[in-house]
2 protein chains.
Amino acid sequence: MQKIDVCFSPELLPKYEITDKIVVVVDILRATSCMVTALACGVAQIIPVMEVEECKEWQRKGFLASAERDGKKIEGFDLDNSPFSYQNPDLIGKTIALTTTNGTLAIKKSKDAAQIIIGAFLNISAIVAYLKKENKDILVLCAGWKGKVNLEDTMFAGALVEALQADFDVATDDSLMAQILYNHAKTDMLAVIAKCSHIKRLQNLGIEKDIEFCFQIDKYNVVPMMNGDFLEIVA
Amino acid sequence: MQKIDVCFSPELLPKYEITDKIVVVVDILRATSCMVTALACGVAQIIPVMEVEECKEWQRKGFLASAERDGKKIEGFDLDNSPFSYQNPDLIGKTIALTTTNGTLAIKKSKDAAQIIIGAFLNISAIVAYLKKENKDILVLCAGWKGKVNLEDTMFAGALVEALQADFDVATDDSLMAQILYNHAKTDMLAVIAKCSHIKRLQNLGIEKDIEFCFQIDKYNVVPMMNGDFLEIVA
């Protein structure tokens, strides 16, 4: 039986062997929720980059570019880190370079994986169906917050473990911990995360609408996957 | 109000500022449970060391020495990593050099902390009383397993958060996650950890008796603290 593991922070990724695994990168608030939204709404490709300067380079080459640090848009870029910004029909068919505090770093650190796919509550059933079909070992990589763990990414990881437990071996401490956290929170995830300092910090930015949006289940039926430098829909 | 944080793995410790904090190091199975048992049973001092060779050095100088890797005693050393080995009256007043896979590493990595104290379920109420009295910021450092998270250390961290929540700020994601995990497991911790691969690995070593022992609450009323290179009872 193939297995599913959960890595609680990109800082712990070197402790996991990923070359033969599908890595599911998750940054619920808000990088991977934005990526899923963008691609589901018609954006052709996303180019996740680690550095702001690199993102600027893509912009100079004529691409749209989005750069966020500490939850805020950096001046001079075309788009911020709100999922509502990516539902704009003007973006259909476009390619967007994107850098965020945690999410794009997690993607870049996963470069040795067999496949990198992008998960969010917005597309969780599409991800589950894809992972069952592929039947490879899985590592869910929580982007966290500046190297620390966070609750919403771990809850998403636990939701995947819960959905895949009949088909995958889920016996490791990390996957069981994530599953317990998800089952504790699942009936009212927004209420549970409302207690966290991380969320309070985001709420101070006035993004309550974004947070509610990012906790919608199965709004989109897409599986975004990294293909070289580009993130595209594969299923 | 002072605050309490939980670091899920020694690998994440660089993400936390600890110079003004009390770091509570926990390695339930079995390093910190052994240390608490040893000191409570009359051992004068423990010298936690990172490397096996360094432990051997102390032995050559005439000290008792204990070295464990991957759950097993290394040949040529005086003591293994079972809490029962430290209840021997012959050890009263002795000093023991000790190295383990995860626990002693976590202690050494915490060297910049204001204070380092050693926690286990065996002395949890003594730790809680001490932390309330000191009223400093706290970081609970889970030793984990080779850099990965584990359930039993996180549950202990959550038990501390639960016990201290009236007196300390517990709003960070890490402390809330640990608290949720503890509250899920507290009525039957042994049954919950029995599902984990980490425990199965330890059970294969034939240490079920040790595991049961380490989950006893408040068997001992001691607070061990690092004083330079030495771990001693301070309260």
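Residues numbered from 1 in each chain as written. Chains lettered and ligands numbered in written order. Predicted model: local features only at pLDDT ≥ 70, side-chain atom pairs only at ≥ 80, totals over all residues. Heavy atoms only, no water.

> Looking at this model, I keep getting lost on the overall build of chain A. Mind explaining?
Secondary structure assignment for chain A yields 9 helices and 10 strands. Relative to its length of 235 residues, chain A is compact, with a C-alpha radius of gyration of 16 Å against a globular reference of 18 Å. Once the C-alpha set of chain A is aligned to its principal axes, its extents read approximately 50 × 35 × 30 Å. Residue burial in chain A is summarised as follows: out of 235 residues, 58% are buried. Within chain A, contacts between residues at least 6 apart in sequence are counted, and of these 76% link residues at least 24 apart. On chain A, the mean spot of the 25 positive side-chain charges and the mean spot of the 32 negative ones are 3 Å from each other. (Helix = DSSP H or I, 4+ residues; strand = E, 2+ residues; numbered from the N terminus. Rg over C-alpha atoms; globule rule 2.2 N^0.38 Å. Buried < 20%, exposed > 50% of the residue type's maximum accessible area, 1.4 Å probe, protein only. Contact = heavy atoms within 4.5 Å. Lys, Arg positive; Asp, Glu negative; His and termini not counted. Charge placed at Lys NZ, Arg CZ, Asp CG, Glu CD.)

> Explain unusual backbone geometry to me, please; I cannot follow it from the model alone.
Excluding glycine, residues mostly have negative phi values, and the peptide bonds linking residues are mostly trans. The linkage connecting A:Leu29 with the following residue, A:Arg30, adopts the cis geometry, with an omega of 5°. Relative to the assigned elements, A:Arg30 resides in the loop between β2 (22-26) and α1 (31-40). For B:Asp70, which is not a glycine, the phi torsion comes out positive at approximately 55°. Note on placement: B:Asp70 falls in the loop between β4 (64-69) and β5 (72-73).

> What am I meant to see in the pattern of salt bridges here?
Where charged atoms of side chains with opposite charge meet at close range, the side chains can pair. By the definition in use, this model includes 18 salt bridges over all chains. In this structure, the salt-bridge partner of B:Arg30 is B:Asp210, at a minimum N-O distance of 2.8 Å. Residue B:Arg30 is located in the loop between β2 (22-26) and α1 (31-40), and its partner B:Asp210 is located in helix α9 (residues 208-214); the two are separated by 180 residues in the primary sequence. The class of B:Arg30 is buried, set by a relative accessible area of 4%. For B:Asp210, a relative accessible area of 6% translates into the label buried. One salt bridge in this structure joins B:Asp167 and B:Lys132, with 3.8 Å as the shortest N-O distance. Highlighted residues: B:Asp167 in the loop between α5 (151-164) and α6 (173-185) and B:Lys132 in helix α4 (residues 124-134), separated in sequence by 35 residues. Counted as one network, the salt bridges with shared partners bring together A:Glu11, A:Lys109 and B:Lys15. (Salt bridge = Lys/Arg side-chain N within 4 Å of Asp/Glu carboxyl O.)

> Looking at this structure, I do not really get the interface of chain A and chain B. What am I missing?
By a widely used convention, the size of an interface equals the accessible area lost when the partners come together. The partner chain B presents 29 residues to the 29 residues of chain A that form the contact. Overall, the association of chain A and chain B removes approximately 2500 Å² of surface from exposure, summing both partners, and the carbon and sulfur fraction of that is 72%. Three residues, A:Asp173, A:Met177 and A:Ile180, lead the burial of chain A against chain B; their summed loss comes to 25% of the area buried on that side. Every element with two or more residues in the side of chain A that touches chain B is listed here: α5 (151-164), α6 (173-185) and α8 (197-203) of chain A. It is α6(A) that provides the largest number of residues to the side of chain A that touches chain B, a total of 7 residues. (Buried area = accessible area lost by both parts, 1.4 Å probe.)

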